[in-house]
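Below are the chains, spelled out letter by letter.
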Amino acid sequence: MDAIPISPALRPLGQTSLRAFPIAYGCWRFAGTDVRTARAKVEAAVEVGINLFDHADIYGGHGAAEELFGHVLAEVPHLRDAMLIATKCGIVPGVPYDSSRTHILRAAEDSLRRLRVDVIDLYQIHRADLLAHPQEVASAFMQLRNEGKIREVGVSNFTVSQFDALQSFLPFPIATHQPELSVWWLEPLRNGLLDQCMRLRVTPLAWSPLAGGHLGLSADAARDKTHGDRLAALIECLDRLAAREGVARSAIALAFLHAHPAGVVPIIGTQRPERIRDSIAALRVQLSRTDWYEIVAASQGKRLL
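Residues numbered from 1 in each chain as written. Predicted model: local features only at pLDDT ≥ 70, side-chain atom pairs only at ≥ 80, totals over all residues. Heavy atoms only, no water.

Colleague: Provide a residue-level description of the pairing of strand S6 (residues 120–125), including the pertinent values.
Modeller: Of all the 6 residues making up S6, 6 are buried; the element is thus mostly covered by neighbouring parts of the structure. Pairing analysis gives 4 bridges linking strand S5 (residues 84–89) to S6, with the strands arranged parallel. Across the sheet, the residue bridging to Thr-87 is Tyr-123, located in S6. The parallel pair S5 and S6 is bridged by helix H3 (residues 101–115), and the resulting crossover is right-handed. (Buried < 20%, exposed > 50% of the residue type's maximum accessible area, 1.4 Å probe, protein only. Helix = DSSP H or I, 4+ residues; strand = E, 2+ residues; numbered from the N terminus. Pairing = 2+ DSSP bridges. Right-handed = clockwise from strand over helix to strand, strands pointing away.)

If you want it as structure tokens, here you go:
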């Protein structure tokens, strides 16, 4: 079997000097616990080489996830040297989107304070604000970068054209594009987003790479979900490959993303330190082209011709 190569080496974030481990840790469920428990998760991630920690100012509600992470860094400040800290702004409950220049500048200051850091390595717009001119967003990014408060910028949940519009007003390249992407949600393979990433040398950061828990279901339980027969077939396909490779089903799902030539970095969100450690098993999975396309066929529920 000719396996698709999956490198464990650090991956560049776009055209920047930042280098990230092939798996990132997402902090959308990080809040709601004590500092000791939170610290165990962060240390488990760093222990296996994960260095990109992805936040947003709404995670946990009112910045709670960022604030808890800041408490962890206050306890173990040396961990900051082993990290790239990313966060996002732009979702405001009740509005729901605000990417005005004033809001971006204020949100960045608030995130810096909660995280207890001097600079945010990767600052992202969480969802596109249709009322914000991309030139205004670019102006805020440029000011924050010139002031040394952020290092690089990215976008999350942007369309290909929204990305292009923002990039046209920036004098430096956008580093990352963060779409939903998993074996169960393949839209970025078809809508031009991953093609854009390869063309412009932008790094895709995949959120919900395990399909929001759907991939943790048994095949029988999956059949009760929407498109259940198709989901069950996908799970059975993943399980066959997992048994062959001697890894968990989740490792196959992550390896599927790693195998794509765009250099995808999946963002895991497990709350269990042992599962954080186990996630790197994906880097030793050997998938052939046939394996990869079998997963695609199972996911979409029809053969590829």
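Colleague: I'd like to hear about the pattern of salt bridges, residue by residue, with values.
Modeller: A full pass over the atoms with the stated rule returns 17 salt bridges. Across the salt bridge formed by Arg-114 and Glu-66, the nearest N and O atoms sit 2.8 Å from each other. Of the two residues, Arg-114 is situated in helix H3 and Glu-66 in helix H2 (residues 64–75); the sequence distance between them amounts to 48 residues. You'll find Arg-114 and Glu-66 in the same group, each marked buried. Beyond isolated ion pairs, a larger network of salt bridges with shared partners links Arg-39, Glu-43 and Glu-75. (Salt bridge = Lys/Arg side-chain N within 4 Å of Asp/Glu carboxyl O.)

Colleague: Explain helix H4 (residues 134–146) residue by residue, including any values.
Modeller: Given a rise of 1.5 Å per residue, 13 residues ought to cover 18 Å, and the 18 Å separating the end C-alpha atoms of H4 matches this to within 8%. Among the residues making up H4, those that are buried are Val-137, Ala-138, Ala-140, Phe-141 and Leu-144. Relative to the axis of H4, the buried residues are bounded by an arc of 160° and lie together on one face. Residues of H4 that are buried in the fold lie against H3, S6, strand S7 (150–156) and helix H5 (160–167). (Expected span 1.5 Å × (residues − 1). Arc of directions from axis to C-beta. Contact = heavy atoms within 4.5 Å.)

That's the geometry; what it means functionally is another story.
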